[in-house]
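One letter stands for each residue in the lines below.
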Amino acid sequence: MSTPLLRVRDLTVAAHGDPIVRGISFDVEDGQCLGIVGESGSGKSLTVLSATGLLEAPGLTIGGSSVLTDTTGATEIIGASRATLRGVHGPRVGFVFQDPGTSLNPLLDLERQLTEGPETHLGMTRRAARRHALELLEAVGIPDPEQRLRAFPHQLSGGQRQRVMIAIALACSPSLLVADEPTTALDVTTQAQILDLVRGMQDERGMAVVWISHDLGVVGQVADDVTVLLDGTAVEQRPVQEIFASPRADYTRTLLAARPTLGDPRPAPAADAEPVLRVADLDVSFAVRTRTGTRRIRAVRNVGFTVPRGHTLGIVGESGSGKSTIANVLTGQVRADAGTVRLHDADLLATRGADRRDLRRRVAMVFQDPFAALNPRATVERSVSEPLRVHGLATGPERTRRVADLLGQVELPADFAARYPHELSGGQRQRVCIARALACEPDVLILDESTASLDVSIQARVVDLLLRLQEELGLTYVFIAHDLAVVEQISHEVLVMRRGETVEQGPARAVLSDPSHPYTRELLAAIPPAEPRVRSSAP
Amino acid sequence: MTAPAPTAPDATPRWRRVRDHPATRFLVVRGLLHTAIVLLGVITVTFSLMLLVPGDPVRIALGTRYTQESYDALRAASGLDRPLLEQYLDYVLGAVRGDLGVSFRNGEPVTHVLLDRLPATASLALAGVLVGLLVAVPAGVYAALRNGRLADAVVRITSQVGVSVPDFWMGLLLITLFSATLGWLPSSGYVPFGEDPVEWARRLALPAVTVGLVAGSIMTRFVRAAVLDAIAAGWVRTARSKGLGRRVVLLRHILRNAVVPIVTIVGIQMATLLGGVIVVEVVFAWPGLGRLVYDSVTARDYPVIQGAVLLIAVLFLLINLLVDVIHTLVDPRIRNR
Amino acid sequence: MTSTRPSTRPSTRPSALRLLLRNRVSLLGCLILAAVVLAAVVGPWLSPYDPNATDVGNALRAPGAEHWLGTDQLGRDVLSRIVAASQVSLRVAVVSVSIALVLGVGIGLLAGYARGAADAVLMRLVDVMFAFPVLLLALAIVAVLGPGLNSAIIAIGVVYTPIFARVARASTLSVREEPFVKASLTMGTGHAYVLRHHVLPNISGPVIVQTSLSLAFAILSEAALSFLGLGVQPPQPSWGRMLFEAQGFVGQAWWMSVFPGAAIFVTTLAFNLVGDGLREVLDPARRTALAAQGGRS
């Protein structure tokens, strides 16, 4: 057996003495892709970045060994001098990071950012480096590269920025590419394109890839071998097919089971339920200031839907599709230009005064980011009881009891009432947010990406909670999400949006299993399949 | 700044491309408009200073020299006998043309009095900012690069000390040491550069060091914070992931991105020092704007106070405008949003 | 995205004070402040001499057993005068900064929350105020109102108002966009409730920091005004005035300038150290944004 490209042994990372990575070993074989999977706090990025020598922070102690062996020779990374590491980064290991918005220097044009690596390592002249940069942009699929060389990062879309980042990483033809959650900040269709691009580059250049992700589905599409991390230890390390087919560790099984997958639609509820929310001909536009004056952007165009009692409508779309604008209209945050919104028989948009306040109460919302949706200076009790106070729903000891009840409904112990948000985990906070929404005694619950920022295992439990609450309380949901698989789990009807317009709507089963519109098909195709990819070139 | 690529099809220098960009023109126009609005507010505030004086400013100004004739003469000369609105419009129009009325003290046009004092203040302000930058940039950058270590703590505490020292006290201490005790440098007075450059520099030394150390301490803290922010940016990690040399990472990816906040604080310091480090000018008997304001306050020479306050505010606005232009040159995101 | 979020949030709130005292430098600041306040309160009973009692026979005595910090040109005890002046300095600083705090936070809160036209008008006003250097504006105000303690208080209060307005507005603008504010509004909560329960508590960090820094600058400004003879009026002792009188004796009586100046310096430093510590404790993420507001005369 030949020497692996990167051999990591007993890697440990501690921050101010607290161990975060507790002795991880793995090999990356030449030309292969190793997927590193773990939820937040598992230490997956720390592991890989310290093994490749890019981690540099005061208070961090790194132990163990990580040897990079390629045509240049064998180099021990841990404890290597800065000069040695500078020779490793670029020509031997390239990096792509999560957030393409901040990975590129906003003050430099693309040419400068693409040429500085090759000029340093390959001894290229400015002219040669520029030609090289053009080829790279072309290779990663940036249209009109000649023009784009002079562009600045803010002039590119998120997907394009990530392509440029990949071009930068590949500029000095490294033998190893480290990809740290490179698609997490992107839309699904863009994610699919970036996955294709990296796979293509890998095959073409025969380089190895370490792909870090929280998403088993994505890893299944790129990896040959997978390492599953939990709390800084590797719980399972095997070829991707085996991980998916016969996971050995409990935690791997949990991850696989929690992962929302397509093809398991929710049974349709009674069809004769009365309509609760009726939206018709909704138009919303925003004024956007540009340097030539003010322009109006039509965020939502002519959208309509009806949600019966106890049903869930899933609204699906990518960023900029207008799906969140609908949530804002329903909750009174944004004014509609035209259209009607009726809650039972009341007109939500036209009602004023005290009635309006009561209507607001009956449409409650749960936000995406549970860290930001709770006032950090208020206790759980204070947050959950706010609707009770504001609408005079309960006072005195009655209020305390209601808060305890509500916490019980979202499966949190009553003594959580005294806690502050920072003392809770992400999943617990989202439960508090749900309890607060329930305190309004709403008819309709708007769930705007409410599970999107949670780890998969927690997301699955929150989805279960939402389903149970709907059964028990007869709630009507509008579930807004970009993740079709989660939408399928929870929705009875689905509405697909693109650029403010309805692309397709109908029963979830019909739309998701037999889409009629090409865009819906594109979205569905972009979702990483449940089963891992079989790599034709695998040895 | 990087030189334009030799093969770039468009050989126009970058600054010209920026200058001629429609967005730049728009920004400059908008900046000017904003400045004009604020300027009108500033003129109005300055004008109303005299109105707020309890009692009759002319009478107070004349003090023991008061006679009915001198009173009427001064009132008429200052236009204070006319209706308020007319006075206001006159003041605004006059201010725009550079006519700020006449001094209560000697009847000299205020504009002359001010222009007379400007060179001394400008020398002190420029020298002070220069001393400050010489202290702040190395100290701030070094502290940021050694974040959390001993050197950082030393710089932070030293700068905190510098910010807390009353500048006029530091002036007194420096005079005590270098003039009264060692006798190396003169303790007061100003000699125009054109007259005797060496003496100009000798007399400038102590006041410039006094204001420079205080300004430098303030700027050190900003430079450190700006560089720290820049170091934490994602693109610095990207730069390191390219294996670039330390100097390239520091200059091109860290300092360049810290320039915008640093330019802002340098502009503020420059404006502050131009505005007269009043007390330092008094301590060093420096015949600048600050000293002038002080003397005029003592003498209740309101037109000169108004004029000086207005001039200094205008200088502040001009510097701000300049800072905005520099931001536009450095940051492409401001150029073309 | 999820993985980085929790660590950027400021941690535990209830123990902010304890965190502050755990930092050695801030602890030093707190101790100095406590000493200055103590001197201001009980000093008059403890100080060895009447601060205004002249004794020409004992003029310009160097520090010694009888007069620890020496005497001035009229034979007054420097230590007793410094102690007596601390009371005036603190009073001017606290009252003027309170004025600035109330006015500034009011303006900033309104501008940042209402946005739109109200914001534009209020902020142009603040821009106008900002165009005048602090001490110059204070001087102009004193010129109008006439020299004296109250003029100094009003002048310093007015010149520090815009800083509070900017800090409060900037924080309000960002807090207003926080989902928890939106969450509250979607439930039909009124604006007054949102301001009181969600916005105000969450902008208090930067405002408290600014208060501490402004107290430092107010001490300096009062000293400067008194130095110029426009603040505290004789015979009431003040640090600035003592320095002014020391000017004539630079060569012969170093103690006359060194000790009052040191009093100003130490008090200012203490407020600055505490302000810095508070910034770390209350709002580590906004270090620069805030620092950008802390301009000085």
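Structure: above.
Only a predicted model underlies this, so the values are computations on that prediction, with no experimental measurement involved. Numbering of residues begins from 1 in every chain and follows the order in which that chain's sequence is written. Each chain is given a letter, starting from A, and each ligand a number, starting from 1, according to the order in which they appear as written. Per-residue local features of the predicted model are confined to residues with pLDDT of at least 70, and side-chain atom pairs are confined, for both listing and counting, to 80 or more; whole-chain, interface and lining totals are unaffected and use all residues. Excluded from the side-chain calculation are hydrogens and water; included are all heavy atoms of the structure.

J.: Help me understand the overall build of chain A, please; the structure alone is not making it clear to me.
T.: Counting from the N terminus, the helices are DSSP H or I runs at least four residues long and the strands are E runs at least two residues long. Looking only at helices and strands, chain A has 20 helices and 20 strands in total. Whereas a compact globule of 539 residues would reach a radius of gyration of roughly 24 Å, chain A reaches 26 Å, a difference of no more than 12%. On the principal axes, the C-alpha backbone points of chain A span a range of 75 × 55 × 45 Å. With a 1.4 Å probe rolled over the protein chains alone, any residue whose accessible area is under 20% of its type maximum counts as buried; one over 50% counts as exposed, and the rest are partly exposed. Within the span of chain A, comprising 539 residues, buried residues form 57% of the whole. The contact definition used throughout considers only heavy atoms, calling two residues in contact when any of these lie within 4.5 Å. The contacts in chain A between residues at least 6 apart in sequence include a share of 68% that link residues at least 24 apart. Note on method: radius of gyration uses C-alpha positions; expected globular size equals 2.2 Å times residues raised to 0.38.

J.: Just to check I follow, could you spell out a nonpolar patch on the surface for this structure?
T.: Residue and element names in this part refer to chain C. Patch membership needs two things, relative accessible area over 30% and no salt bridge, and members are linked within 9 Å if like-charged or within 5 Å if nonpolar (Val, Leu, Ile, Met, Phe, Trp, Tyr). Every accessible area reported is derived by Shrake-Rupley at a probe size of 1.4 Å, with residue values counting cover from the shown protein chains alone. Here a salt bridge means any side-chain nitrogen of Lys or Arg lying within 4 Å of a carboxyl oxygen belonging to Asp or Glu. A cluster of nonpolar side chains, namely Val-37, Leu-38, Val-41, Val-42, Trp-45 and Leu-46, defines an oily patch on the protein surface of about 660 Å² accessible area. Inspection of the secondary structure assignment puts Trp-45 in helix H3 (residues 24–46). The exposed category is assigned to Trp-45, whose relative accessible area is 71%.

J.: Before we go on, may I ask you to explain the interface of chain C and chain B in this structure?
T.: For interface size, the figure often reported is the accessible area lost on association. Facing 46 residues of chain C, the contacting portion of chain B comprises 54 residues. Buried area: the sum, over both parts, of the accessible surface (1.4 Å probe) that disappears when the two are put together. A buried area of about 4300 Å², summed over both sides, lies between chain C and chain B, and 75% of it is on carbon and sulfur atoms. In this structure, the connection of chain C to chain B is made through one salt bridge. Here Asp-276 of chain C makes a salt bridge to Arg-221 of chain B, at a shortest N to O gap of 2.8 Å. N or O atoms closer than or at 3.5 Å make up a polar contact, with two conditions inside protein: a donor-capable atom paired with an acceptor-capable one, and, for residues adjacent in sequence, both atoms drawn from side chains. Between the two partners, chain C and chain B, sit nine residue pairs in polar contact (both at pLDDT 80 or more). Per-element tally for the side of chain C that touches chain B: the top contributor is helix H11 (residues 254–282) of chain C, with 13 residues. Among the residues making up the side of chain C that touches chain B, the classes are represented as 30 nonpolar, nine polar and seven charged. Under the scheme applied here, ten amino acids are nonpolar (Ala, Val, Leu, Ile, Met, Phe, Trp, Tyr, Cys and Pro), four are charged (Asp, Glu, Lys and Arg), and all others, including Gly, are polar.

J.: Looking at this structure, I do not really get unusual backbone geometry. What am I missing?
T.: Peptide bonds are trans in most cases, and residues, glycine excluded, mostly fall at negative phi. For the bond running from Pro-234 of chain C to Pro-235 of chain C, omega is 10 degrees, close enough to zero to count as cis. The phi angle at Asp-281 of chain A is positive, at roughly 50 degrees, despite the residue not being glycine. For Asp-281 of chain A, the position within the fold is in strand E11 (residues 275–290). The backbone of Arg-499 of chain A shows a phi angle near 45 degrees, a positive value even though the residue is not glycine. Residue placement: Arg-499 of chain A occurs in the loop between strand E19 (493–498) and strand E20 (501–507). For Arg-499 of chain A, a relative accessible area of 58% translates into the label exposed.

J.: I'm lost on the environment of Phe-259 of chain C in this one. Help?
T.: Residues and elements named next belong to chain C. Its place among the elements puts Phe-259 in helix H11. Sequence-wise, Phe-259 and Leu-69 are 190 residues apart; in three dimensions their C-alpha atoms are separated by 7.3 Å. The residues contacting Phe-259, other than those within four sequence positions of it, are Pro-63, Leu-69, Val-78, Ile-82 and Trp-254.

J.: Where do I start with the pairing of strand E5 (residues 73–76) of chain A in this structure?
T.: Across a regular strand the side chains alternate sides, sitting on one face of the sheet and then on the other. Residues and elements named next belong to chain A. Should DSSP find at least two bridges between two strands, the strands are taken to pair. In this structure, strand E4 (residues 60–70) lies alongside E5, joined through four bridges in antiparallel fashion. Within E5, the residue paired with Leu-68 across the bridge is Thr-75. As consecutive antiparallel partners, E4 and E5 are separated by two residues.

J.: Where do I start with the packing of aromatic side chains in this structure?
T.: The geometry of an aromatic ring pair is captured by two quantities: the separation of the ring centres and the angle between the planes. Aromatic rings from Phe, Tyr and Trp, taking only the six-membered ring of Trp, are treated as a pair when their centres fall within 6.5 Å; an angle between ring planes under 30 degrees marks them as stacked, one over 60 as edge-to-face, and anything in between as tilted. Scanning all chains against the criterion turns up twelve aromatic pairs over all chains. A centroid spacing of 5.7 Å and a plane angle of 90 degrees characterise the contact between Phe-227 of chain C and Phe-244 of chain C, whose relative ring orientation is edge-to-face. Of the two residues, Phe-227 of chain C is situated in helix H9 (residues 191–227) and Phe-244 of chain C in helix H10 (residues 239–246); the sequence distance between them amounts to 17 residues. Here the aromatic cluster, defined as three or more aromatic residues joined through ring pairs, consists of Phe-47, Tyr-88 and Tyr-91 of chain B. Throughout this description, the term charge over a ring refers to an Arg CZ or Lys NZ atom that lies within 6 Å of the ring centre and within 35 degrees of the ring normal. Above the plane of the ring of Phe-130 of chain C lies Arg-166 of chain C, whose end atom (NZ or CZ) is 3.9 Å from the centre. Of note, Arg-176 of chain C hangs over the ring of Tyr-113 of chain C, and the distance from its end group to the ring centre comes to 4.5 Å.

Any functional reading would require information that these geometric values do not contain.
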